[in-house]
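# Examination of the molecular architecture
Each chain is listed here by its residues.
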Amino acid sequence: MSHLSHQYDLSVKVPTLRNIDMNIGTDDIVALVGESGCGKTTMGKIIAGLVRPTSGSVLFEGQEIHRLKGSAFDRYRRAVQLIHQDPYSSLNPSLSLFDTLSAGILRHRLATRREVLERVADVLHRVGLPNNADFLRRYPHQFSGGQRQCVLIARALALQPMLIVADEAVSMLDVSMRVAILDLLLELKRDEGLSFLFISHDFGVVRYFASGHRIAVLYFGAVVERGICDEVIANPRHPYTHALLSAVPLPDPRINRQRQALRLKSVEEGPKGQQGCPFVQRCPLSDARCEREMPPLVSVGEGHQSACFYPERVEQRLYA
Amino acid sequence: MIRGLWRIIRRDRQAMAGFCIIMFFLGMAIVGSLLPPDYYENPLQQYQGISWHHLLGTDYIGRDTLREIIAGSTPVLIVAVLASSISTFVGLAIGLSSGLVGGFIDALIMRITDIVLTIPGLPLTIVIVSFIHSTNPVVLALILSVTGWAGFARSVRSQALSIARREYLEAAKVQGLTFVNILTKQLFPNIGSYAAMSFLLGITGAIYAEVGLFLLGVAPFSGSNWGVMLNLGMANGAMLTPSSAPYMFAPMFCIVLLQVGFVLFTRALEPMFNPRLRTS
């Protein structure tokens, strides 16, 4: 059953997102990568229903979310949760940990007032945080960044959603915690069919989490490449993806040296206008055609698409 | 929160002092409501000085001043607390909702609020009071709060606006929390200290306003209260003799002392609402 599919989204004068189509089903992961400012967070918020796209639609179980009313809307609200990027501003400083976590549970009647303490303790335990009474009484300013991020994750999990939009959900955690949390999320996916829109700019994390599932690379609001995660990472077919991946340093210096990075033109600005490929300013492979026309997503392999006129010019096999 | 409040009061001497003063007057008001009216009038004992028999002297008709003060505290406090409650509640409801909803409705409500804000409060109150002849304290409280809510609503709304865009409110929306819940549990605690302070200081403002009304003689009264004491005193020759001093100063002193009490007490309120300021 498909949960969400957007047809196109554009917002604001300079489009934040252009013409994105995406489909996420149950027990599915879609990773969204891109540099800062490319629109990943906006997309996450649109899916979570916080931002209305200027055009296009977001569908949940086949229905436009902004037209849902009453209990259907409640179901959507429970089913789609968001883990915010900034753990410092997304927790209410006047509410204790218990208040923050129990609010949603009580609202959706997932537990009575007597049971809710147990539920909260339970979800805290799962994310690896202490769940004693003293800890529950604490306020956000008493937690570290990593703890706060775990609280955000707990808050999203508490409602037993169907889809979690995880926006840089593990960026503040140290590496051991990261693996633990990612493993937990994967476990939940397996056991309960939880889906994820996993937003990140860290390819290492994305590769660990979304292996075997889809990835989409976003550049200035347009999907420039999409496909199966491992395939796209090993064999990028869009100059931007290639550049992104080659910027990730590898621990083995021999492999590092063997890689051929695409040299980007140094122009930093974004796309010129609405016409043409958004990457044309920086792309070393571009020509006049790229400036005039927006390249559509074309198939470059099985389940692998790239929005480039010349995907074949992109270096084969980034990793030997 | 209430438990925290007591701890905070205990630690802060000034807040404790304020708290004691308020409790003292509260007690006085309660006792005052139980006292039977004083019919002991002896014009020959007018404006007697302080003595063991009359701790604060007597009034223009020979009644004991202290007793008048105690009896008079009740109506004053009732009206003031009521007026401030109404103003605060209305101001909060309008300000918070308006700030949260935003858009056209918010703009509309704020226009109306601005219009109310520009109406001069005291003259309007005098006018209204002069044709509504009721000694009912609730009515008086309502009249006093007719314009009082506007300024408060405006500032609450700005606070609400600045908080409404914060991420934790977004998170609340994603969780599907209801409008009422967001208003009361998410937004309000962040404005709580401001609201409580406004409430308490609003009480003092209301006391001044009502005492002023009684002093000017425009408000109908029954029984006695602090403002009436001043009014009748002036009407009965208190300004002609220095021996009326205890009688005239007593209500003034009470008003000032009560206000000092409130102000000191509000020091305890900020840490009560803002967990970061607590030194536990």
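Residue positions are given per chain, counting from 1 as you read along its sequence in written order. Chains carry letters from A onward and ligands carry numbers from 1 onward, assigned in written order. Two thresholds apply to this predicted model, a pLDDT of at least 70 for residue-level local features and 80 or more for giving and counting side-chain atom pairs, whereas whole-chain, interface and lining totals are computed over all residues. Computation of side-chain values: all heavy atoms of the structure, hydrogens and water removed.

### Considering the overall build of chain A
- Numbering of helices and strands starts at the N terminus; helices are DSSP runs of H or I of at least 4 residues and strands are runs of E of at least 2. Each helix and strand counted, chain A has twelve helices and twelve strands in total.
- Looking at chain A as a whole, 52% of its 320 residues qualify as buried.
- Whether two residues are in contact is decided by their heavy atoms, any of which lying within 4.5 Å being enough. Partitioning the contacts of chain A with sequence separation of at least 6, the portion at a separation of at least 24 is 60%. In this scheme, a residue with accessible area under 20% of its type's maximum is buried, one over 50% is exposed, and one in between is partly exposed, where area comes from a 1.4 Å probe on protein chains only.

### Some details on the layout of surface pockets
- The pocket and cavity definitions rest on a 1 Å grid over protein atoms only: a 1.4 Å probe that fits but cannot leave marks a cavity, an open set with protein on both sides within 12 Å along at least five of seven lines marks a pocket, and residues lining either have an atom within 4 Å of a point. Grid points are joined across faces, edges and corners, and a volume is the space filled by probe spheres set on the points. Its volume calculated, the second largest pocket comes out at about 570 Å³.
- Listed by contribution, the elements that provide at least two residues to the lining of the second largest pocket are helix H2 (70–79) of chain A together with helix H3 (65–101) and helix H9 (179–216) of chain B.
- For this classification, Asp, Glu, Lys and Arg are treated as charged, while Ala, Val, Leu, Ile, Met, Phe, Trp, Tyr, Cys and Pro are nonpolar and the rest, including Gly, are polar. In terms of residue class, the lining of the second largest pocket is made up of eleven nonpolar, five polar and six charged.

### Concerning the nonpolar core
- What makes a nonpolar core is a set of buried Ala, Val, Leu, Ile, Met, Phe, Trp, Tyr and Cys residues whose side-chain atoms join them at distances within 4.5 Å. With 65 residues, the main nonpolar core has A:Val127 and A:Leu157 as its most contacted residues.
- No other element matches helix H6 (residues 145–158) of chain A, which puts eight residues into this core.
- Not counting residues up to four positions away in its chain, the partners in contact with A:Leu157 are A:Val123, A:Val127, A:Ile164, A:Leu184, A:Leu185, A:Leu188 and A:Leu194.
- Counting residues in each nonpolar core, the second largest holds 49 residues, with B:Ile22, B:Ala209, B:Val228 and B:Phe273 among its members.

### Structural notes on the interface of chain A and chain B
- Every contact between the two is made by 25 residues of chain A and, on the other side, 18 residues of chain B.
- Every case where a carboxyl oxygen of Asp or Glu lies within 4 Å of a side-chain nitrogen of Lys or Arg is listed as a salt bridge. On inspection of chain A and its partner chain B, the count reaches one salt bridge.
- Salt-bridge contacts for A:Lys45 lead to B:Glu170; the nearest nitrogen and oxygen are separated by 3.3 Å.
- Residues adjacent in sequence count toward polar contacts only when both atoms are side-chain atoms; beyond that, a polar contact is any pair of N or O atoms within 3.5 Å, and within protein one must be able to donate a hydrogen and the other to accept it. Taken together, the links from chain A to chain B amount to seven residue pairs in polar contact (both at pLDDT 80 or more).
- With four residues, the top contributor of residues to the side of chain A that touches chain B is helix H3 (residues 97–107) of chain A.
- Its residues assigned to classes, the side of chain A that touches chain B comprises ten nonpolar, ten polar and five charged.

### Here's the deal with the sheet that holds strand S7 (residues 163–167) of chain A
Residue and element names in this part refer to chain A.
- Any two strands between which DSSP finds at least two bridges are classified as paired. Taken together, the eight strands give an open sheet; going across it, the order is S6-S7-S8-S3-S9-S10-S12-S11, and neighbouring strands pair in mixed fashion. Every interior strand has two partners, whereas the edge strands, strand S6 (80–83) and strand S11 (298–301), have only one. Each strand of the sheet is rotated relative to its neighbour by a mean of 20°, with strand direction disregarded.
- With six bridges connecting them, strand S9 (residues 214–219) and strand S10 (residues 222–228) associate as antiparallel partners. When the sheet's bridge partners are listed, Val217 is paired in S10 with Glu225. Only the stretch in contact is used when fitting a helix axis, every axis being a line fitted to C-alpha atoms; angles between N-to-C directions are given from 0 to 180 degrees.

### Remarks on helix H6 (residues 137–144) of chain B
Residues and elements named next belong to chain B.
- Within H6, the full set of buried residues consists of Leu140, Ala141, Ile143 and Leu144. Seen end-on, H6 carries its buried residues on one side only, within an arc spanning 160°.
- Where the residues of H6 are buried, they touch H3, helix H5 (121–131), helix H7 (148–164) and H9. Along the arc lie the directions from the helix axis toward the C-beta atoms.

### Brief notes about the confidence of the model for chain A
- Counting all residues, the mean pLDDT for chain A is 80, and 87% of those residues have values of 70 or more.
- Across chain A, element-level confidence peaks in S6(A) with a mean pLDDT of 90 and bottoms out in strand S1 (residues 2–6) of chain A with 56. Looking at any residue, its pLDDT shows the predictor's confidence there, from 0 to 100.

### What to know about the packing of aromatic side chains
- In summary, the pairing rule links any two rings of Phe, Tyr or Trp, Trp by its six-membered ring, whose centres are within 6.5 Å, and it sorts them by plane angle into stacked for under 30 degrees, edge-to-face for over 60 and tilted for everything else. Scanning the model with the defined rule gives ten aromatic pairs over all chains in all.
- Seen in terms of ring centroids, A:Phe135 and A:Phe143 are 5.1 Å apart; in terms of plane orientation they differ by 50°. Their pairing is tilted. In this pair, the class of A:Phe135 matches that of A:Phe143, namely buried.
- Here the aromatic rings of B:Phe152 and B:Tyr194 are separated by 5.7 Å at their centres, their planes lie at 25°, and the arrangement is stacked. Here B:Phe152, found in helix H7, pairs with B:Tyr194, found in helix H9; they are 42 residues apart in sequence, far enough to count as distant.
- Exposure remark for B:Phe152: the relative accessible area of 8% places this residue in the buried category.

### Regarding empty space enclosed by the protein
- Under the definition given, this model contains three cavities of 30 Å³ or more.
- Here the largest cavity is characterised by a volume of approximately 80 Å³.
- Along the wall of the largest cavity there are 13 residues; nearest its centre are A:Cys277, A:Cys283, A:Ser286, A:Cys290 and A:Cys308.
- Along the lines of polarity and charge, the residues of the lining of the largest cavity split into eleven nonpolar, two polar and no charged.
- Within this model, the second largest cavity holds a volume of roughly 50 Å³.
- As for the second largest cavity, its lining consists of A:Asn92, A:Leu95, A:Thr100, A:Ala103, A:Arg155, B:Tyr168, B:Ala171, B:Ala172, B:Gln175 and B:Gln186.
- Broken down by secondary-structure element, the contributors of at least two residues to the lining of the second largest cavity are H3 of chain A together with helix H8 (167–174) of chain B.
- Of the residues forming the lining of the second largest cavity, the biggest block, three residues, is contributed by H8(B).
- Partitioning the lining of the second largest cavity into residue classes produces five nonpolar, four polar and one charged.

### Brief notes about the pairing of strand S8 (residues 195–200) of chain A
Residue and element names in this part refer to chain A.
- When you tally the buried positions in S8, you get six out of six residues, the bulk of the element.
- The alternating pattern of S8 places Ser195, Leu197 and Ile199 on one face and Phe196, Phe198 and Ser200 on the opposite face, and all of these are buried.
- Two strands pair when backbone bridges link them, and strand S3 (residues 29–33) and S8 are joined in this way by five bridges, in the parallel orientation. Along S8, the bridge assignment pairs Ala31 with Phe198.
- Relative to S8, S7 runs parallel, the two being bridged by five bridges. Across the sheet, residue Val165 finds its bridge partner in S8, namely Leu197.

### Some words on the pattern of salt bridges
Residue and element names in this part refer to chain A.
- Per the stated rule, a full pass over the model turns up nine salt bridges over all chains.
- As a salt-bridge pair, Arg107 and Asp74 come within 3.0 Å of each other at their nearest N and O atoms. Highlighted residues: Arg107 in helix H3 and Asp74 in helix H2, separated in sequence by 33 residues.
- Across the pair Asp202 and Arg178 runs a salt bridge whose closest N-O atoms are separated by 3.5 Å.

### Thoughts on the packing of helix H7 (residues 175–192) of chain A against helix H8 (residues 203–210) of chain A
Residues and elements named next belong to chain A.
- Two numbers describe how H7 lies on H8: the axes approach to 10 Å, and their chain directions differ by 35°. Pair H7 / H8 crosses with right-handed handedness. For the pair H7 and H8, the contacting residues are Arg178, Val179, Leu182, Asp183, Leu185 and Leu186 in the first and Val205, Tyr208 and Phe209 in the second.
- Considered class by class, the residues forming the contact of H7 with H8 number seven nonpolar, no polar and two charged. Left-handed describes a crossing whose near helix is turned anticlockwise from the far helix by less than a right angle; the clockwise case is right-handed.

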